[in-house]
Amino acid sequence: MNVAIIARLTVREAFRRKVILGVVLLSLAFIALYALGFHLFRDNYLSLEARRSARTGAGPAPSYAVSASAMVLLGLYTVNFLTGIMTIFAAVGTVAGEIEAGTLDAIVPKPISRWQIITGKYLGFALMLSAYIALMVCGVALTAHLVGHYGPPHLVHGTLLVILVSMILLSLTMLGSTLFSTMTNGIIVFMLYGVAVTGGLVEQLGTALNSDTMVKIGVGSSILLPSDSMWRLASYVVQPSLAISFIGPNPLGTTVPPSDRAVHYSIVYCLMLVIGSVLVFQRRDL
Amino acid sequence: MSESVSQSPAATTAAPSNEPAIELRGLRKVFRDQVAVDNLTLSVDYGEVFGFLGPNGAGKTTSIKMLMGLVYPTSGQARLLGRKLGDRVARRQIGYLPELFRFHEWLTGSEFLDLHGRLYGMSSAERRKRIPDVLALVDLTAYAHKKIGTYSKGMQQRIGLAQALINSPRLVFLDEPTSALDPLGRRDVRAILARLRGEGVTVFLNSHLLGEVELSSDRVAIIDHGRVAATGRVDDLLSRDLRVEFRLSSLPVDLLPELGKLVQVEQVVEGQRTVVMARVAGEAAIAAAVDLLARHRVSVYGVTPERRSLEDVFVDVVAPSREAGR
């Protein structure tokens, strides 16, 4: 019950502070822009294809799915990136900010356990972020379907993985918020996020260049923060195999998907960080 | 502020006779190498309004924060309402107004009280009934649906007080409850304290406004450097070490040593009336001195105790250690 009260309070705060309104408006702008981009891409592609057919007399090329898949990947990458940033911004001060402001002084003495406060906040953010990701992925998929006449495979699986990316960042940000001030936490989490993204890029380069060391650097960064590796797995599952082999190693995706063990590691990583947040907050003087 | 509010359940709850409402034994808090509270031992009985005083940095807020579960004691024991610290059953019956009253500014007053009512486990019917009551008590009915962010500081303190009383507590901790209030607001808080006392609610009051504490409290403790430096009933503290002026017809020389056994004679001024300035340990000594003088047929024309305030007592208790620290 107390967990639900705090979760509700967290969601309510996002609505009251007009965070949701801002996010919805900007997301609609993104979807509109994305739809326009997809439309222009398809028009250009079809006209190029028509010119090529007229010149060579050959039938339609099978590469439309590859290009449309790249467009979907671009859309999903944007969703993943924006959600990552949003997760960090939303949760960066959720505990530290309330300690600094003193608002927890009236909450903690109530008949509520400290673990319920952390869990409630986590659930509140998790619900909002998951709903947002699901809606945004639907937006990208619907655009691909209606404008691009293309349907990406394993969309539910991919969506769940993007949600997992967000949960990883949320868990890390929550832990940081119980340990550090809002500003310090923001800096640390953003730096780690940057390390994870860069590590993922280094790993892709390593795969392309056959560099074992570069791949190991990527693996190391995904142990430190597995958000990027889960994104790469998401990108892998939502592309047809033809597109993966055609595009090869690239900044947005991967040709070598992380294993199931990496997924299990990410889930345990989230759980451990949430437990860590509870333990730190449980012992902390306010 | 309105007085037409429903009665607190505390009024109908029998107070356990054998245990105090608040009991602290050797409570200690050390932040790194700084001792904030050192061996704090005191008890507060059910139904008392207890003033908790001390200079800045004496450890008052840290002590209250320990009792509220915001700060963990380094050592020592504390029991509230007969239960150990953090006990959920006890917490349900405790109200708390923090010193730095910062609340969720994006909630309206009514929503804020509803949130805290929920956290206390109150049913929706209880909350519906109680919220208008406490809003009326702190005179914020007209602002129930305005966001707390739009409230003045005084209004925020009053909504904080309403939050501390939403659960009809048996024990209330008020940390500087009038710091942001104007004189009218302070008078209203005094009325609320009197009302709580009438209902048998135990109040633990931390305030720098010694006049407020003197008017509202049954007993006080003055803490300094994290320890209790003085404690007792307000009347006892005020009459302890009194200066009294006796106006007499005369004072026979052989009576002076005997009078000196009862009071500490500081000065004797002969004149049309003999004026004796003396320091006494308490009111009982004044009565004994008057008895002695009457037995020896000395006419007593006047006994004027010097009116001391709690501030005088406070300064007497705290000043020596401050002087020593310089």
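Note that the coordinates shown come from a computational prediction; the quantities given were computed from them, not determined experimentally. (Residues numbered from 1 in each chain as written. Chains lettered and ligands numbered in written order. Predicted model: local features only at pLDDT ≥ 70, side-chain atom pairs only at ≥ 80, totals over all residues.)

## So, the overall build of chain A
Keep this limit in mind: Runs of H or I in DSSP of at least four residues are treated as helices and runs of E of at least two as strands, each being numbered from the N terminus. The burial criterion counts other C-beta atoms lying within 10 Å of a residue's C-beta, which is placed from the backbone; the residue is buried at 20 or more, exposed at 12 or fewer, and partly exposed between these limits. The contact criterion used is a C-beta to C-beta distance within 7 Å, with each C-beta placed from the backbone.
Scanning chain A for helices and strands turns up 12 helices and zero strands. Reading chain A from its N end, one meets helices and strands in the order α-α-α-α-α-α-α-α-α-α-α-α. The buried share of chain A, taken over its 286 residues, is 42%. Excluding contacts between residues fewer than 6 apart, the proportion of contacts in chain A whose partners are at least 24 apart in sequence is 80%.

## Some remarks on the domain arrangement of chain B
Condition: For the domains described, the bounds stem from an automatic or database domain assignment.
For chain B, the domain assignment lists domain 1 (9-233) and domain 2 (240-305). Domain 1 of chain B and domain 2 of chain B are separated by 44 Å when their C-alpha centres are compared.

## Observations regarding unusual backbone geometry
Residue and element names in this part refer to chain B. Positioned with a positive phi, Asp-139 is a non-glycine residue whose angle comes to about 65°. Here Asp-139 shows up in the loop between helix 4 (124-137) and helix 5 (153-165). Since 16 C-beta atoms lie within 10 Å of it, Asp-139 is described here as partly exposed. Here the phi dihedral of Ser-168 falls at roughly 50°; this positive angle occurs in a residue that is not glycine. Here Ser-168 falls in the buried class, since 24 other C-beta atoms lie within 10 Å of it.

## Some points on the environment of Pro-257 of chain A
All names here are of chain A. Position of Pro-257 among the secondary structure elements: in the loop between helix 11 (241-247) and helix 12 (260-283). Here Pro-257 falls in the partly exposed class, since 16 other C-beta atoms lie within 10 Å of it. Distance from Pro-257 to Thr-207, taken between C-alpha atoms, is 12 Å for residues 50 residues apart in sequence. When residues no more than four places from it in sequence are discounted, the contact partners of Pro-257 are Leu-233 and Tyr-236.

## Considerations on the nonpolar core
Selection rule: Nonpolar cores are built from buried Ala, Val, Leu, Ile, Met, Phe, Trp, Tyr and Cys residues. These are joined into a set through C-beta atoms within 7 Å.
Core analysis: the largest hydrophobic core is formed by 144 residues, its most contacted members being Ile-168 of chain A together with Ala-162 and Val-203 of chain B. In terms of residues, this core owes the most to one element, helix 6 (residues 114-146) of chain A, which gives 14 residues. What Val-203 of chain B contacts, discounting residues up to four positions off in sequence, is Val-49, Phe-50, Val-172, Leu-174, Leu-193, Leu-196 and Arg-197 of chain B. With 11 residues, the next largest nonpolar core counts Leu-259, Leu-262, Val-276 and Ala-289 of chain B among its residues.

## Let's talk about the interface of chain A and chain B
The condition is simple: For this classification, the nonpolar set comprises Ala, Val, Leu, Ile, Met, Phe, Trp, Tyr, Cys and Pro, the charged set comprises Asp, Glu, Lys and Arg, and every other residue, Gly included, is treated as polar.
Contact residues are listed per partner, giving 19 residues for chain A and 22 residues for chain B. Looking at the side of chain A that touches chain B, the elements that each hand over two or more residues are helix 1 (2-16) and helix 5 (104-107) of chain A. With five residues, helix 1 of chain A is the single largest residue contributor to the side of chain A that touches chain B. Among the residues making up the side of chain A that touches chain B, the classes are represented as 10 nonpolar, three polar and six charged.

## Things to note about the pairing of strand 2 (residues 34-44) of chain B
Residue and element names in this part refer to chain B. Definition in use: Pairing between two strands requires that DSSP report at least two bridges joining them.
In the sheet, strand 1 (residues 22-31) pairs with strand 2 via seven bridges, with the strands oriented antiparallel. Each residue of the ladder has a partner; that of Val-30, found in strand 2, is Val-35. As consecutive antiparallel partners, strand 1 and strand 2 are separated by two residues, and within that stretch Arg-32 has a phi angle of approximately 50°, a positive value.

## A look at the environment of Trp-106 of chain B
Residue position: Trp-106 of chain B is located in the loop between strand 6 (94-97) and helix 3 (109-119). Judged by the 16 C-beta atoms lying within 10 Å of it, Trp-106 of chain B falls in the partly exposed class. Taking the C-alpha atoms as reference, Trp-106 of chain B lies 9.1 Å from Thr-150 of chain B; in sequence the two are 44 residues apart. Setting aside its immediate chain neighbours within four residues, Trp-106 of chain B contacts Glu-13, Arg-16 and Arg-17 of chain A together with Lys-147 and Gly-149 of chain B.

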